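As a plain string of letters, each chain reads:
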Amino acid sequence: MGVVLLGFALVGGPLAGCSSADETTATPGLAERGTVLTTVQPTRQDLSNKISLAGKVTINPIYGIVAPTDGELRFVDRTPSKVPASLPIWVASVWHDGFPRRVEIPQGSIFAGRLMDDRSDVAKGMPVVSAQHSGYGIVAEIDSAQAYRISSAVKQVRAQIKNGPGPFSCKALGTIAALPAGTIPEPAVTTTAPKPDSSAGVPQANPGSEGGSGSSGGSEPTGMRLVCVPPASVKLINGADVTLEVITDKASKVLVLPVEAVAGTQGKGKVDVVTGENHTRKTVDVVLGLSDGKVVEIKKGLKGDETVAIPGPNLPTAAAPADGGVTGG
C-alpha cells in the first residue's frame, strides 16, 4: 500500500511542477487579428445633402445667367438701363433645331453685360449674360471642390448672419460658374439728321440711350460664387459675415449606412458584409447616393437586412511601377 502511494506521489509531483512552469496568461482586451468588433445594419431615413459656405453681405452683386439649351446665341439689342427691371427683360435667344429659347434678366436686376459674342455656339448651362441685382445680396466664394459638389443643383439656401438675424431662407440667383468680363456694345448711331435746335453747341442725347450715357461699360469678371437674396424684412449691413447652408438634393426614406462603413465616393463604393458565426467578411460593391457627412445613401448593392462591418474595407493602393518609377527618355 505504501509503495502505491509513493508511486502516486512521485508521478504527481513532476506533473504539478510542469504545469506551473508552462502556464501562460492571455492578454485581456485583445481579439485575434481580423476579428470584427463593430457591425451595423442599414436603416432608412430622410436625407439631404448639405454644404456649408462662408459669405458676406454685398451691395449690387453680379451673377451669371446661363443658356437654357445647346445652340446658337443671338442677342437682342437692348439699351443699358440703370433702373431694375419691373418685369423679366428678354436680352437674347438660343436657337436649337429652328426653335428659339429666351434668355431673360429677372425682375429686380439690371442687364450687366454679354459674356459671349453674338452668334456663338453655346452649350446648355454655359453663362451667356451677366446681371446685377439691385440692392443687398449675399455672396459666397466657392472653390473647385465645392463647385463640383454643388454643381447646378441648388435646391435650398439658408443663411445666418454672424451676431445678427437668422437663420432665414435666401433665394439663389443665376449660376455658380466663374464669369468673364461682360461687355455692352455702344448703341447704334442713328443716320437720321437731327432737327435744328435753338440750343446750339449743346450735345443732344441719343434717342436710344438712357440720358445720353451710352455704354455702361459692362461687368467685371468674377470667380466661382453663389449669390442669393434674403427676404426684404431681414436687416442687412454691407460686409457682414454670413454662413450659408446649401441643400443640393433631398431624398425620402432611403437606405443608409454610416460613412465609416463605406469605402469610396462619387457614386461607387464598397462595404464589408459580415456572415456566419465566425464573422466572415465579404466585400460587396454598392452604388452610393446622397450624404450628409454622417450617413451615406446606398442606392444599389444591399437589400437592407445585411450586417455590415465598421470600419469599411480598405481600397487597394496603386501598384508601384515595375521599374521603380523610373521612365526612359
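Residues numbered from 1 in each chain as written. Predicted model: local features only at pLDDT ≥ 70, side-chain atom pairs only at ≥ 80, totals over all residues. Heavy atoms only, no water.

Asks: Any chance you could explain the side chain of Ser130 here in plain terms?
Replies: Following the sequence through the fold, Ser130 ends up in strand β9 (residues 127–133). Judged by its relative accessible area of 0%, Ser130 falls in the buried class. Polar side-chain contacts of Ser130 include one of 2.8 Å to the side chain of Ser219. Beyond its immediate sequence surroundings of up to four residues, Ser130 is in contact with Ile62, Tyr63, Gly64, Ile105, Ile110, Phe111, Ala112, Gly113, Leu115, Gly182 and Ser219. (Helix = DSSP H or I, 4+ residues; strand = E, 2+ residues; numbered from the N terminus. Buried < 20%, exposed > 50% of the residue type's maximum accessible area, 1.4 Å probe, protein only. Polar contact = N/O pair within 3.5 Å; in protein donor to acceptor, adjacent residues only side chain to side chain. Contact = heavy atoms within 4.5 Å.)

Asks: For this particular structure, what's the right way to read the sheet that holds strand β8 (residues 121–122)?
Replies: For sheets, the rule is that strands pair by backbone hydrogen bonds, running either parallel or antiparallel. Taken in spatial order, the 4 strands line up as β6-β5-β4-β8 in an open sheet, and their pairing is antiparallel. Edge positions in the sheet fall to β6 (99–105) and β8, since each of these pairs with one other strand and no more. The pairing of strand β5 (residues 89–96) with β6 spans 7 bridges and is antiparallel. Within β6, the residue paired with His96 across the bridge is Phe99. (Pairing = 2+ DSSP bridges.)

Asks: Help me understand the nonpolar core, please; the structure alone is not making it clear to me.
Replies: Among soluble globular proteins, nonpolar side chains are generally buried collectively. In terms of nonpolar packing, the biggest core is built from 22 residues, with Leu53, Ile138, Leu226 and Leu244 touching the most fellow members. When neighbours within four sequence positions are excluded, Ile138 is seen to be in contact with Lys56, Val57, Ala159, Phe168, Cys170, Leu226, Val227, Cys228, Val242 and Leu244. With 20 residues, the next largest nonpolar core counts Ile65, Val122, Val129 and Val227 among its residues. (Core = buried A, V, L, I, M, F, W, Y, C linked by side-chain atoms within 4.5 Å.)

Purely spatial values, then, with no claim about function.
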